[in-house]
Amino acid sequence: MKIILAIYRFFLSLRYKVEIKGIEVLKTKNVKFILPNHQALVDPQIVFTHILKYTNVVPVASEIYANKPILKQLFNIFGTVIVSDITTQNRDTDALKNIYSNVVKALESGKTVLLYPSGQIAGQGYEKIFNKQSAWAVVDNIPENVQVIGVRINGLWGSMWSRAWIGKAPDFIKTYLKAIFYIFANLVFFLPRRKVTIEFIDITADAIIKAKASKQDFNLFLETFYNKNGEEKVWFLKHYFYAPTLNRKLPERIEGSVDDLKKNSTGFTDDIPEEIFLKVAEIVAEETKINKNDIHIHSNLILELSVDSLMLVSIISNVENAFEVVSQIEIESVTTVEDLCRIAMNQQISKDIFKPSYLNKRLSALHTIEVDKTKNILESFLTVFNKDHKEHFAYDKIIGSSSRKTFLLKAFVVSKIIRKEVEGKYVGIMLPALQSTTLLVISTYLAGKIPVMLNWTVGKKVLDHCVEDANIDVILTAKSFHDKVQDLLSDSVKQKCIFFEQKVKEISIFTKLSGLINFYIQSKPKIKPDDVAVILFTSGSESLPKAVPLTHQNIISNLWGVFEVVTINNDNIFLSFLPPFHSFGFTVLTILPLISGVKTAYTPDPTDSREVLKILKHTGANTLLATPTFLKMLLSVATQDDLKDVILAITGAESLQTAIIKSFYEKADKNAKLLEGYGITECSPVLTINPREIQKERSVGKFIKGIDYLIADYNHFKPLPQGEEGMIMVRGKSIFGGYKDKEIASPFVKINGEDYYKTGDLGKIDNDGFLYITGRLKRFIKIAGEMISLPAIEDVLFKKYGSDEETILAVEGNDSIEPPQIVLFSKINIDLAELNTYLKESGFPNLVKINKLIKVEEIPLLGTGKTDYKILKQQIV
């Protein structure tokens, strides 16, 4: 065995140049209790092989390692004390008693024992015991004449065996195999060596005194001993003698670190009954001997309440017994009192692990957002992103934070994939609000293609029409997202989908190098201002959606016009959760960040208000852009503390209710502004916005710069005097040039020799130039920013429930009330659930449903025989 150990020590020495200090304390004949700090999974191998040169030693090992191949046989040879691994679902409430009794028994029998007090490898460059009890329990009752030896290890923070390498404990077997490979890859004798210092010190007297005082005193004593030299700087040593120095950084998140544990639950606790919390607090107080008044719902069990994993097993068991539940949870996922309450309520513990956000770091160059209207989108992007490469640009939960340089480099590489996978002119993109979506849009421009933003919520029939209308052969999406919405997709759409994240994994070295070269030489296609930048679709609620081509000039002119009216600092942090198929979401939350570099936090589901709020708080986002419906949903779950840093919200696409305005100003920063605007997909989309200096309730604001407008009589399109109601007519560089399908009737009308776009909306302008929307010319309402056609619903229902002999039903709606209502007036009895199922089966999206059925004796008619919808609308309140 000594020969085997000597050989093993030799192979370790090929990588680790070990300096031993205080070795004389190992040469005494006393039984020893050895307590090292734990920097990496390799340090037991180093320490153990050196100790065995002077004395036999029995290690204490977790069952998770003791049961691994090879290690199991070795541990049996050395008589290892195996202890329960309570980070799995093992609920051994006697674990501490078993550890203590087994270790003391070994010491009493004359065996030297080695135990790691922390029970885990360090999560930072210093040691933390985290309230662990095993070492303290043994020392507090240590047999007479047993020496307590402290072992201070330095030099392994940054090793591939440490958490510093990948942010979590490495896989033992995989890392071991890598280590063997590196030895031979360096011709055995040329492996770069890491200096490691191991210092043995007799701490018997002080350790016993501190253990008798308390567990906290003992653990603090050990931490002070281990960290005598201060926090160790991370050292990433190269693995090949011929390689350059490693330029590696610490991972953004390190599991089990102090910083990681400080992140209490960012969830919501308003659903936890007070009586459950109070009972759980009593259980925790009894176990920890802490005053229950000092225990709060978000209290961190480890850092604030000094609960260790062994104590936690007992607490969980008591909670389960008190509430008569059995939970199936990982012990390590329970970190707060809230988690214990969730166990009591028999709920799953949802842990949102957010990667660090760096969006709140101030930009080096501060100024207001400006848009250069002389450049196209791609030129503006390259101009901005080639400056200040280190500035952080975007964040989402999947990727974390991205710098401008990282994002720019990815764009060039992904453009190569798009160019290879897409032969045609148009590229379908079907993804929610994510960094990846924005990346795909700009990569599409670099590839010389045109993005087509697809709405997966419209129903199979409508989506098929959109794909066919835009001549799309390839749809870029992500497999995880595709799997989530696949029930909404037809087989033909599924067949066109390419999972871009899989293509990224398959990318060749040649493609990466090609993208890198383009990054340095800034190779880009030529784009003219009137080239199409995107194809969006109208809502399709009146008929099948119409494809709306918007040019680079349309979008750039629109954003330029907005920021000539509204001033926003480039250091603001935007929160993006509107889907990018929405015109507002595309222009303001996809293109604006690309051409201005404004910092943007993305989250994909606008209906998941709690998740939206978590991202807002985590990133420090202070600027919201949302439809009133989504803003209302967010305000309903947010507290004043949640929104205290929000300084600006911009909303549009539907009527803004007074209640939403009131709620926003109650919860946001005292100087915050809520600006309502008005826009249309065909107009890129913003037409008006309330200025920051003055807002008028019920007004959608003033027209942005660059828009010529007038109010016209909607029968003859003659301009009307100021203050009179009529059709809103607009013209300007941000107005599109016509639908992709040229057979669709032109939406333009010539007035005074100029082509004006007829919006379909009725309005009037006051003496200060503020626009008020007074109605819709066509019978549609807006719900969640989507246009819903009432005649389209009526036509479908007529086919199933109508009569050719008389008018027996009519559909009317009202979006000036909250929530907006679609109502069916009927002379016959119809089951509401059956009716809405029929609408869905007929191809309408989930958003379209009859909210209420009103039985009437007669449908009111005009003298012409047409339905009098004015009377019906008056009944919807």
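One can find the structure itself at the top, above this paragraph.
Note that this is a predicted model, so its numbers are computed, not measured. Counting from 1, residues in each chain are numbered in the order their sequence is written. Per-residue local features of the predicted model are confined to residues with pLDDT of at least 70, and side-chain atom pairs are confined, for both listing and counting, to 80 or more; whole-chain, interface and lining totals are unaffected and use all residues. Computation of side-chain values: all heavy atoms of the structure, hydrogens and water removed.

**Concerning the sheet that holds strand E32 (residues 852–855)**
Thinking step 1. The strand order across the open sheet formed by 3 strands is E30-E31-E32, and the pairing between neighbours is mixed. Each edge of the open sheet carries a strand with a single partner, namely strand E30 (809–814) and E32. Going across the sheet, the axis of each strand differs from the next one's by a mean of 25 degrees, ignoring polarity.
Thinking step 2. Pairing between strand E31 (residues 821–826) and E32: 4 bridges, direction parallel. What sits directly across from Val823, in E32, is Lys852.
Thinking step 3. A contact between two residues is defined here by any heavy atoms of the two lying within 4.5 Å. Every angle, taken between N-to-C directions, lies between 0 and 180 degrees, and every axis is a line fitted to C-alpha atoms, over only the stretch in contact when it is a helix. Going along the chain from the N terminus, every DSSP run of H or I of four or more residues is numbered as a helix, and every run of E of two or more is numbered as a strand. The sheet strands contacting helix H28 (residues 790–801) are E30 and E31, and the helix crosses E30 at an angle near 155 degrees. Strands are labelled as partners when DSSP assigns at least two bridges between them.

**Observations concerning empty space enclosed by the protein**
Thinking step 1. Buriedness of a pocket was judged along seven lines, with at least five required to meet protein on both sides within 12 Å; pockets are open sets of points on a 1 Å grid over the protein atoms alone, cavities are sets where a 1.4 Å probe fits but cannot get out, and lining residues have an atom within 4 Å of a point. Grid points are joined across faces, edges and corners, and a volume is the space filled by probe spheres set on the points. Under the defined criterion, the tally for this structure stands at 5 cavities of 30 Å³ or more.
Thinking step 2. Along the wall of the largest cavity there are 13 residues; nearest its centre are Asn37, Gln39, Gly125, Tyr126 and Asn227.
Thinking step 3. Looking at the lining of the largest cavity, its residues break down into 4 nonpolar, 7 polar and 2 charged. Side-chain classes are defined by residue name, with Ala, Val, Leu, Ile, Met, Phe, Trp, Tyr, Cys and Pro counting as nonpolar, Asp, Glu, Lys and Arg as charged, and the others, Gly among them, as polar.

**A word on the pattern of salt bridges**
Thinking step 1. Salt bridges are identified by distance alone: a Lys or Arg side-chain nitrogen within 4 Å of an Asp or Glu carboxyl oxygen. Going through the model one piece at a time under the given rule, you end up with 26 salt bridges.
Thinking step 2. For Glu338, the salt bridge identified is with Arg342, shortest N-O distance 3.3 Å. A residue pair is termed a helical-turn pair when its members lie 3 or 4 positions apart in one helix, as Glu338 and Arg342 do in helix H14 (residues 337–344) at 4 residues. Of the two residues, Glu338 and Arg342, neither departs from the other in class, the shared state being buried.
Thinking step 3. For Asp531, the salt bridge identified is with Lys528, shortest N-O distance 3.6 Å.
Thinking step 4. Partly exposed describes any residue whose relative accessible area lies between the buried limit of under 20% and the exposed limit of over 50%, with all areas from a 1.4 Å probe on protein chains only and scaled to the type maximum. What makes Asp531 partly exposed here is its relative accessible area of 24%.
Thinking step 5. Salt bridges here are not isolated pairs; linked through shared partners, they connect Arg253, Glu255 and Asp260.

**Structural notes on helix H10 (residues 215–226)**
Thinking step 1. Under the 1.5 Å per step criterion, the end-to-end length of H10 is 17 Å for 12 residues, consistent within 8% with the ideal 16 Å.
Thinking step 2. Residues of H10 that are buried: Lys215, Phe218, Asn219, Phe221, Leu222, Glu223, Phe225 and Tyr226.
Thinking step 3. Here the buried face of H10 lies against strand E2 (32–36), helix H6 (134–140), strand E6 (147–154), strand E7 (194–202), helix H9 (204–213) and helix H13 (309–323). One less than the number of residues in a helix, times 1.5 Å, gives the span that helix is expected to have.

**Topic: the packing of aromatic side chains**
Thinking step 1. Pairing of aromatic side chains requires ring centres within 6.5 Å, counting the rings of Phe and Tyr and the six-membered ring of Trp. Pairs whose planes differ by under 30 degrees are stacked, by over 60 edge-to-face, and all others tilted. Scanning all chains against the criterion turns up 27 aromatic pairs.
Thinking step 2. A ring pair is formed by Phe172 and Tyr176, whose centres lie 5.9 Å apart and whose planes are at 25 degrees; its orientation type is stacked. Residue Phe172 and its partner Tyr176 are located together in helix H8 (residues 172–185), separated by 4 residues, close to a single helical turn.
Thinking step 3. For Tyr176, a relative accessible area of 28% translates into the label partly exposed.
Thinking step 4. Three or more aromatic residues link up through ring pairs in this structure, and these residues are Phe181, Tyr182, Phe190, Tyr240, Phe241 and Tyr242.
Thinking step 5. Here the basic side chain of Lys373 rests over the ring of Trp560, its NZ or CZ set 3.9 Å away from the ring centre. Only lysine NZ and arginine CZ atoms are considered, and such an atom sits over a ring when it is within 6 Å of the ring centre and within 35 degrees of the ring normal.

**Quick word on the side chain of Lys132**
Thinking step 1. Here Lys132 lies in the loop between strand E5 (113–114) and H6.
Thinking step 2. You can call Lys132 buried: its relative accessible area is 16%.
Thinking step 3. Discounting chain neighbours no more than four positions away, the residues touching Lys132 are Pro117, Ser118, Gly119, Gln120, Lys215, Asn219, Asp308 and Ser309.

**Some remarks on a positive patch on the surface**
Thinking step 1. Side chains of Lys168, Lys174, Lys178 and Arg248 sit close together on the surface and give a patch of like positive charge.
Thinking step 2. Note on placement: Lys178 falls in helix H8.
Thinking step 3. Its relative accessible area of 44% is what places Lys178 among the partly exposed residues. Residues form patches when they are more than 30% accessible in relative terms and have no salt bridge. Like charges link within 9 Å. Nonpolar side chains (Val, Leu, Ile, Met, Phe, Trp, Tyr) link within 5 Å. Exposure was quantified through the Shrake-Rupley algorithm and a 1.4 Å probe, taking into account, for residues, occlusion by the shown protein chains and nothing else. When charges are counted, neither His nor the chain ends are considered; positive counts come from Lys and Arg and negative counts from Asp and Glu. A single reference atom marks each charge: NZ on Lys, CZ on Arg, CG on Asp, CD on Glu.

**A word on the packing of H28 against helix H29 (residues 832–841)**
Thinking step 1. Packing of H28 against H29 leaves a shortest axis separation of 11 Å and a crossing angle of 115 degrees. Crossing handedness for the pair H28 and H29: right-handed. Note on element contacts: H29 touches H28 through Glu834, Leu835, Tyr838 and Leu839, opposite Ile793, Val796, Leu797, Lys799, Lys800 and Tyr801.
Thinking step 2. Considered class by class, the residues forming the contact of H28 with H29 number 7 nonpolar, no polar and 3 charged. A clockwise turn of the near helix away from the far one marks a right-handed crossing, whereas an anticlockwise turn of less than a right angle marks a left-handed crossing.

**Observations concerning the nonpolar core**
Thinking step 1. The criterion is simple. A nonpolar core is a set of buried Ala, Val, Leu, Ile, Met, Phe, Trp, Tyr and Cys residues joined through side-chain atoms within 4.5 Å. Ranked by internal contacts, the top residues of the largest apolar core, which has 160 residues, are Leu454, Ile591, Ile793 and Leu797.
Thinking step 2. Per-element accounting of this core gives the leading share, 8 residues, to helix H24 (residues 583–596).
Thinking step 3. Judged by nonpolar contacts, the second largest core, of 39 residues, contains Tyr116, Trp161, Tyr182 and Ile198.

**So, helix H17 (residues 435–446)**
Thinking step 1. Here H17 is 12 residues long and its end C-alpha atoms lie 17 Å apart, about the 16 Å a rise of 1.5 Å per residue gives.
Thinking step 2. Summarising burial for H17: 12 of the 12 residues are buried, a large majority.
Thinking step 3. Gly448 sits one or two positions beyond H17 and adopts a positive phi of about 75 degrees.

**Concerning the state of the cysteines**
Thinking step 1. In this description, the term disulfide denotes a pair of cysteine sulfurs within 2.5 Å. Applying the stated criterion across every chain yields a total of 0 disulfides.
Thinking step 2. No disulfide involves Cys683; its sulfur sits 19 Å from the nearest other cysteine sulfur, which is in Cys466.
Thinking step 3. Since its relative accessible area comes to 0%, Cys683 is described here as buried.

**Observations regarding the pairing of strand E8 (residues 392–396)**
Thinking step 1. Judged by how many residues are buried, E8 sits mostly within the fold: 5 of 5 residues are covered.
Thinking step 2. Bridging between E8 and strand E9 (residues 400–403) involves 4 bridges; their strand directions are antiparallel. If you follow Tyr395 over to E9, its bridge partner there is Ser401.
Thinking step 3. The hairpin turn running from E8 into E9, its antiparallel successor, is 3 residues long.
Thinking step 4. Here E8 runs beside strand E17 (residues 599–602); their pairing, made up of 2 bridges, is parallel. Its bridge partner lying in E17, Ala394 is registered against Thr600.

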